Every structure is written in structure tokens, then in C-alpha cells.
Amino acid sequence: MCGIIAVIHADPKSSAAIEIHDALYLLQHRGQDACGIATCAAPGGRIYQCKGNGMASKVFNDGTRIADLPGFMGLGHLRYPTAGSSSTSEAQPFYVNSPYGICFAHNGNLINAPELKEFLDQEAHRHINTDSDSELMLNVFASELNETGKARINSHDCFKALERTYKRCVGGWACTGMIAGFGLIGFRDAFGIRPMVIGEKPSDSGIGKDYMIASESVALVQCGYNDFKDILPGEGVIIEKGKAPVFHQIQEQLAYAPDIFEYVYFARPDTIIDGIDVDECRRNMGYKLAEKIIKELGKDLLDEVDVVMPIPETSMSSAQVVAECLKKPYCQGFVKNRYIFRTFIMPNQKQRQKGVRAKLNPMKPKFAGKTVLLVDDSIVRGTTSREIVLMAREAGAKKVIFTSCAPEITHPHIYGIDLASRSELLAHSRSQKEIAEVIGADAVVYQNLEDLKQACAELSPRPNQKFEVGVFCGQYITPVQDNYFEHLDMLRGTRKKEKELIMARQAVVQGVADDTAVEIALNGVPANRRSSKADEVEKLGSKVNGNIITATVINGSAHQDDVQPPSPSRVQDISLHNFNDHEG
């Protein structure tokens, strides 16, 4: 899951970067790993960019770098990595200079990335500089657009190139692009998995209209845009400078199945996706969940419930409705620190557990001596849920009943949300009773899948609304090759090791590293953590970043076959001068 933004102004002297920067803060929840802005200025069509790892306030130095991004049109991106690594070089937007100079911001995931990489190497002869599938899609489009052989292109050429791109790419995506001196493009996969909306407003100059494309309507509303239109599945839009948008059906609509996890967890409550109000969806989930709770808990255990509490913040609307239906008091027992990252994206179990306690703080008087019914949006690995139950008990709760607005998550997400691998998912191969034991709850209640789909579909302007629900049942909306999940696990494993390496090095520098962190900082993350008493171990003094450390060397070497070599985390982007490559 990522956040994408594109802006084009009617006045060629105005600044698109200011609005894009504002919109990034409104969509920060969609990606906290990295962000970036690329703009195009007239005359000459020169492209400027600033991007890097971190949240928007860090990357843009609280807005001071926006002055370095001139231009009347531009792209913005917030990255939440699902494929590739966490390297700075993979911050978006991406850029290629041929043909014409193209920038891309991509939200989603391609599930045929290995085949695309082979095509680009063997047939298109285009160099891929990162492990990101977003760069693959950019280069596929660039290759197809290059087939025109023209010095200057028009919207027809772009749409034809996109048609050929769609025939090669498989997955879920919403993309925005910028072609130097030409205009903006936006397009969405033929299943409508990832969201995209366009809006307009009168230009500040009074002549013409400005346009914005974004992942969520809240960005358009807060930036003063109106007359919204969802980009339809398989549809594209091109906005040439000084012209009105041109819409075109790039590929036949294969379904209208937005990812239901947008409504469960990721989207802001004050947004509307594909005509469906997110907050009303979550209220509907509360009604359906309350029915399931009554059915599963039975009268005796239900009578014991003293209070209904949400796990802030996504489940608050649902919890209020659950309390109303159960005729129980509603109480916010946890206070959330809004400046902590989402815990399931942290690289290891220990960090996720610490992250939960840093993110949530229980108010003990609300728990003492009570049977509490907790309402959360979902349960992924169970790390967060287990810590929350433990904190509730430490705060004095007599019994803890844990309920989820989403059904059991049993399969990996493959369209741009990196929840976990299948083996890491708590509900994989476990019964409801076993799940309750793992997280330490007295009982666990999950939403039914059909009830979840109905809760969202009831609010849709379309009859027979469908959703992408593969994480709950393994039935994905697109075809999936047999070996894709092995490929996905490999990418996730690589990224996890990179993050472990970065954190180990930070721990060494700060003087808080344990023996394991020291070994990782020196030798990298072992591909296989096997140990043997027969191994000869010697202590080797070494120095990392000026600090003396002690590292373990096994059998006199670092076992090169079993060690993941360190990969650079601050690689500079080579395609454009990047203002964020140099601190100052």
C-alpha cells in the first residue's frame, strides 16, 4: 500500500509542489517508509525531485525544500514497501529519461515481476537499477511508448502504449505518471483493486482549471478540489498542459473489486473510495460483529461484560456500534501515541512488541476488576493483540474478550499490502480456541467474511458489489502463478534482513547492542541461523563507526555461503540530482 498524488495547474507559473506537499501529510497513513516529490517546470520541461527514506516532515525538512521544486505539475508518493528493499534509492517517484522524460508514482504490486524483468533485459534492453516492481512497470510503459518513434507524442500514443503495458503486467495497481513538457497520466488496473480519484477546481489565476489525482478523496477535499470522479477499473486519464482531462478505457473492465482491506484498516475514515463511505463501512462492520458476538459468546459470558473498548483508532466507529447493540458502556481504555509507526511493518518480533507498548498506553482505572470486550480492526501476526491483552490484564482486567472486525487472515496479501508471509499469520492453521490461547484472551470472536462483504457492499452505488478478499480465503481476484508465493517470501525475507542489519548497526553505534546485534552488524544477517557445539568460536575485536565491538566468527570465517551480504541503505538515486541525497 502506498499513497500517490498528481497535480497539474492551468497557470504555468504556479507551484504544484506546495499542494502536493500538503496532500502528502493528509495521506501519510498510507506510507511511512519513504516519500518524494517530482515536478516539471516550463520552459524546457526540466524535472526536479526531492525524495528519501522517512516521513514527509523529515524528507522535506518541514517544508523548506519545497522551494527547490519549481513547476506547474508534479507527482507525490508515500512508500509502504511490498516488493524490493527499503533502500533510499527505491523512494519514488521513479524517473527514466528515454523516451521524453517520464516520472512514475505507483501504488500496488505486480505478481509477474520476474517475467517483466526478463522481457526488459532480453527484448527491450532496458536497465533496471532497483528491486522495485514499480521501476519495472515504468520501464515497460517507457518501452511501449518508445515504439511510436515520434519526436512528440499525443494522448492517443499514450493510451496505445498503456494498452500494450496492461497486456504485459499482472497484479493490482493505481499509477500516476508525468511526461516532461506534455502532462499527467493516471490509470488503474482492470479489477479496480487499488483506489484512485480525480478532482478539479478553478485556477487561482482565474483562467482554466487545476486538477489533482490521489489515492483518497480526503486529499482532494482538504486541498480545495471538487467534482470528484473515481478512475474506473481499466480506465486511464491524460491531462495535457492547458487542456481538460481525456478519459479512455485502456483494458476491458474485468471486475469492480476494490481491496476490502482499504475499508477495514488502511483508508482514513473521512474518505470515500469508489463511492463507499469508509466510516459508514466501519459502523456497518460493528453491527455485523455485534450479531456474531451475541451468537458466539452466549448469554452467561455476555452478561459478564462490563465495558466495550476499541483498539484505537481504526476500530473506534465499529466499537461504538458494538457497545450500542450489546447495551454495554463504551469506553476508550487505551491512549494512542500517534507518532509511532504501524507495528506490523517493524522488522522483527521483539521490535513489534516494544512498538505496541510505545504506541498504546492503558488507563488502569478503566480496566480494574472488569471484564472488557476489546474491538480491533483485524489480527495479523498476533503480536499486537497479545501485547494488548497482556497490558489489559496488567491494568487489572478480570477477563479479556478480543474481537475482530475482519475475519481470520490466513493468506498473504499480494496487491500492495505487506501483512506477513503465510507462516507468520496467526490464523494460519490455527483454530479460534488456539488463537485465544496464543494471545492470552478468554475468548476470541471474528467477523464472518460474508458479513464483512455485505457491510461494505450495502453502501456501494453499484449492485452486486464485489471485493478483493484473498487474504481471508486464498481466492485472489487475479490469476496467480504457483511459484509467486515463493518469490514473495524471498523478497520479504531480503527486506527483513536489510532492516535487521540497519537496526543492528544503530544499536552498536548507540552502545546498546547485544551479542546477536553485534554479529549481525559485523557479518550481516545469516541466511540460516543454525548453530553447533562443534563449531569453533573465537572472539574478534573490530570497530564499526568508531565504536569497539566484539563479534563472533565461526570456524575462522564468516561463512560466506550462509551470510546475507550487507546491502547499502543510503544509495543515492542516479537518474536525477536529488536534493535529499545531501543533508544540510
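Residues numbered from 1 in each chain as written. Predicted model: local features only at pLDDT ≥ 70, side-chain atom pairs only at ≥ 80, totals over all residues. Heavy atoms only, no water.

**Digging into the UniProt feature "active site" (unreviewed entry) in the protein chain**
When the UniProt feature table is mapped onto this chain, "active site" (unreviewed entry) is found at Cys2. The topology assignment puts Cys2 in the segment before strand E1 (3–8). The exposure class of Cys2 is buried, given its relative accessible area of 6%. Non-local contacts of Cys2, meaning those with residues more than four positions away in its chain, are made with Arg30, His77, Leu78, Arg79, Tyr80, His106, Asn107 and Ser215. (UniProt positions renumbered as here; feature names shortened; annotations may be inferred. Helix = DSSP H or I, 4+ residues; strand = E, 2+ residues; numbered from the N terminus. Buried < 20%, exposed > 50% of the residue type's maximum accessible area, 1.4 Å probe, protein only. Contact = heavy atoms within 4.5 Å.)

**Some points on the packing of aromatic side chains**
The description of two aromatic rings rests on the distance between their centres and on the angle between their planes. All chains considered together, the criterion is met by 11 aromatic pairs. Ring centres of Tyr166 and Phe187 lie 6.0 Å apart, and the angle between their planes is 55°; on these two criteria the pair is classed as tilted. On the criterion of sequence distance, the pair formed by Tyr166 in helix H5 (residues 155–168) and Phe187 in strand E8 (residues 183–188) is long-range, its members being 21 residues apart. Like Phe187, Tyr166 is buried. Among the aromatic side chains, those forming a connected cluster through ring pairs are Tyr80, Phe261, Tyr265, Phe266 and Phe472. The ring of Phe119 is capped by Arg168, whose NZ or CZ atom sits 3.7 Å from the centre of that ring. (Phe/Tyr/Trp six-rings, centres within 6.5 Å; stacked < 30°, edge-to-face > 60°. Lys NZ or Arg CZ within 6 Å of the ring centre and 35° of its normal.)

**Some remarks on the sheet that holds strand E19 (residues 371–376)**
Strand order in the open sheet made by the four strands is E16-E19-E20-E21, with parallel pairing throughout. The sheet is open, and its two borders are formed by strand E16 (307–310) and strand E21 (443–446), each paired with just one other strand. Each strand of the sheet is rotated relative to its neighbour by a mean of 20°, with strand direction disregarded. Relative to E21, strand E20 (residues 399–404) runs parallel, the two sharing four bridges. Bridging across to E21, Thr403 finds its partner in Val445. Together, E16 and E19 form the strand contacts of helix H9 (residues 316–326), whose direction differs from that of E16 by roughly 170°. Contacts between helix H12 (residues 432–439) and the sheet are confined to E20 and E21, with E21 contributing the most and set at about 125° to the helix. (Pairing = 2+ DSSP bridges. Axes fitted to C-alpha atoms, helices over the stretch in contact; angles between N-to-C directions.)

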